[in-house]
Amino acid sequence: MPKILILNGPNLNLLGTREPEIYGHDTLTDIEATSVQHGKTIGMLIDFRQSNSEGELIDWIQGAAGAADGIIINPAAYTHTSVAILDALKQVDCPIIELHLSNIFSREPFRHHSYVSPVANGLICGFGAHGYLLALDAISRLVSDKEEC
Ligand code: DQA
C-alpha cells in the first residue's frame, strides 16, 4: 500500500480555535482522522505529522527518501519564508502536493509567494479541511506509476 507523508507546519496545531473564520472549526486531530479514513478508502497508508519547528519538518522531509511514496505538505507560514524547506523538497523524488486551508491568493500580498510551489506537482488551496482529502485523491493518481522517494 502506498505510504503518504502529510506534513503540517507551525500553528496548525491550533486549528479549531485559531482564526476559525479563515481556517474553519476542525481541529488538526479531526483532519488527521478524516485523512487516515480516506486513505483507507482509497488504499493509502497515512503518516500525519505537525511541527512548529522548521528543522524538524526538514528532518522529516529528508527521512521520506525511500520511506514514503508521496508528500502532502501544508508548510503554513514557512511557505512564504523557507528556502531551507524548498532545498529539502528538491532532494525528494516522489510526488509533492502543496496544500493550504485558505486561499492564500485572496489574502495579504505576503502570502501570495510560495517557496514550495516551484517543486510541487500541484497546489490545492481554499477548500478548508476538505483540501486534505482532495490532496489525497490527487496524490493517489500521481503515485500510482511512481517509485518511492
Ligand atoms: C496556511 C496559509 C499560510 O499563509 C498561513 O501562514 C498558515 C496556514 C493555510 O493552510 O491556509 O499558517 O498554510
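Keep in mind that what you see is a predicted model, and the values were worked out from it rather than measured. (Residues numbered from 1 in each chain as written. Predicted model: local features only at pLDDT ≥ 70, side-chain atom pairs only at ≥ 80, totals over all residues. Heavy atoms only, no water.)

### A closer look at the environment of Gln91
Test applied: Secondary structure elements are defined from DSSP: runs of H or I of at least 4 residues count as helices, runs of E of at least 2 residues count as strands, and each element is numbered from the N terminus. Classification of residues uses two cut-offs on accessible area relative to the type maximum, computed with a 1.4 Å probe and protein chains only: under 20% is buried, over 50% is exposed, and between them is partly exposed.
As for its position among the elements, Gln91 is in the loop between helix H4 (83-90) and strand S4 (96-100). On the basis of relative accessible area, Gln91 is assigned to the exposed category, the value being 65%. Taking the C-alpha atoms as reference, Gln91 lies 27 Å from Leu28; in sequence the two are 63 residues apart.

### Here's the deal with the nonpolar core
What counts is decided by this rule: As used in this record, nonpolar core signifies buried Ala, Val, Leu, Ile, Met, Phe, Trp, Tyr and Cys residues forming a set joined through side-chain atoms within 4.5 Å. The contact criterion used throughout is that any non-hydrogen atoms of two residues lie within 4.5 Å.
Ile4, Ile6, Ile72 and Leu136 are the most contacted members of the largest nonpolar core, which totals 23 residues. Going through the elements one at a time, strand S1 (3-8), helix H2 (28-42), strand S2 (45-50), S4 and helix H5 (130-143) are the ones with two or more residues in this core. With six residues, the single largest contributor to this core is H5. Leave out the neighbours within four places in its chain, and Ile72 touches Ile4, Leu5, Ile6, Leu7, Ile97, Leu99, Ala135, Leu136 and Ile139. Grouped together as the second largest cluster of nonpolar side chains are 20 residues, Leu57, Ala64, Ile71 and Ile96 included.

### Some points on the packing of aromatic side chains
To keep things clear, this is the line we draw: When the centres of two rings from Phe, Tyr and Trp lie within 6.5 Å, Trp using its six-membered ring, the rings pair. Their planes under 30 degrees apart give stacked, over 60 give edge-to-face, and anything left gives tilted.
Overall, the coordinates contain one aromatic pair when judged by the stated rule. Measuring from ring centre to ring centre gives 6.1 Å for Phe48 and Tyr132, while their planes differ by 40 degrees; the resulting arrangement is tilted. One end of the pair, Phe48, is in strand S2; the other, Tyr132, is in helix H5, with 84 residues separating them in the sequence. Under the relative-accessibility criterion, Tyr132 is labelled buried at 1%.

### Considering the side chain of Ser114
Operational definition: Think of a polar contact as two N or O atoms within 3.5 Å of one another; within protein, one of them needs to be a possible hydrogen donor and the other a possible acceptor, and neighboring residues in sequence only count if both atoms come from side chains.
Along the chain, the position of Ser114 falls in the loop between S4 and strand S5 (122-125). In this structure the side chain of Ser114 is engaged in a polar contact, spanning 3.0 Å, whose partner is the backbone nitrogen of Val116. Of the polar contacts made by the side chain of Ser114, one reaches the backbone nitrogen of Ser117; its length is 3.0 Å. With near-sequence residues (within four places) excluded, Ser114 lies in contact with Thr79 and Glu98.

### With respect to the pattern of salt bridges
Put simply, the rule reads: The rule for a salt bridge is simple: a side-chain nitrogen of Lys or Arg has to be within 4 Å of a carboxyl oxygen of Asp or Glu.
Scanning the entire structure with this criterion turns up three salt bridges. Of the charged contacts in the structure, one is a salt bridge between Glu108 and Arg107, with a shortest N-O distance of 3.8 Å. On the basis of relative accessibility, which here comes to 16%, the residue Arg107 falls in the buried class. The partner of Arg111 in a salt bridge is Glu108, and the shortest N-O contact between them spans 2.7 Å.

### Structural notes on the packing of H2 against H5
Using the following cut-off: Lines fitted to C-alpha atoms define the axes, with helix axes restricted to the stretch in contact, and inter-axis angles between N-to-C directions lie between 0 and 180 degrees. Roughly parallel means an angle under 35 degrees; roughly antiparallel, over 145; roughly perpendicular, 65 to 115; everything else is oblique. Here is the rule for handedness: rotate from the far helix to the near one, and if that takes an anticlockwise turn smaller than a right angle the crossing is left-handed, while a clockwise turn gives right-handed.
Between H2 and H5, the least distance of the axes is 9 Å, while the angle of their chain directions is 30 degrees. Considering the angle they form, H2 stands roughly parallel to H5. Crossing of H2 against H5: the hand is right-handed. Residues Ile31, Thr34, Ser35, His38, Gly39 and Ile42 of H2 pack against Tyr132, Leu133, Leu136, Asp137 and Ser140 of H5.

### So, the site of the ligand
So the rule is basically this: Any residue with a non-hydrogen atom lying within 4 Å of a molecule or strand is treated as near it. Under the convention used here, a 1.4 Å probe and the Shrake-Rupley method define accessible areas, while residue burial counts only the protein chains that appear. Throughout, the ten residues Ala, Val, Leu, Ile, Met, Phe, Trp, Tyr, Cys and Pro are labelled nonpolar, Asp, Glu, Lys and Arg are labelled charged, and all others, Gly among them, are labelled polar.
Every residue near the ligand is listed here: Arg18, Tyr23, Asn74, Ala76, Ala77, His80, His100, Leu101, Ser102, Ile104, Arg107 and Arg111. Within the side chain of Ser102, one N or O atom sits 2.6 Å away from an oxygen atom of the ligand. For the ligand, whose accessible area on its own is 330 Å², the fraction buried by protein is 99%. Considered class by class, the residues forming the shell around the ligand number five nonpolar, four polar and three charged.

### A few points about the packing of helix H3 (residues 54-63) against H4
Running from N to C, H3 and H4 cross one another at 5 degrees; their axes reach a closest spacing of 9 Å. Between H3 and H4, the interaxial angle falls into the category roughly parallel. Residue-level contacts link Glu54, Leu57, Ile58 and Ile61 of H3 to Ala84, Ile85, Ala88 and Leu89 of H4. When its residues are assigned to classes, the contact of H3 with H4 shows seven nonpolar, no polar and one charged.

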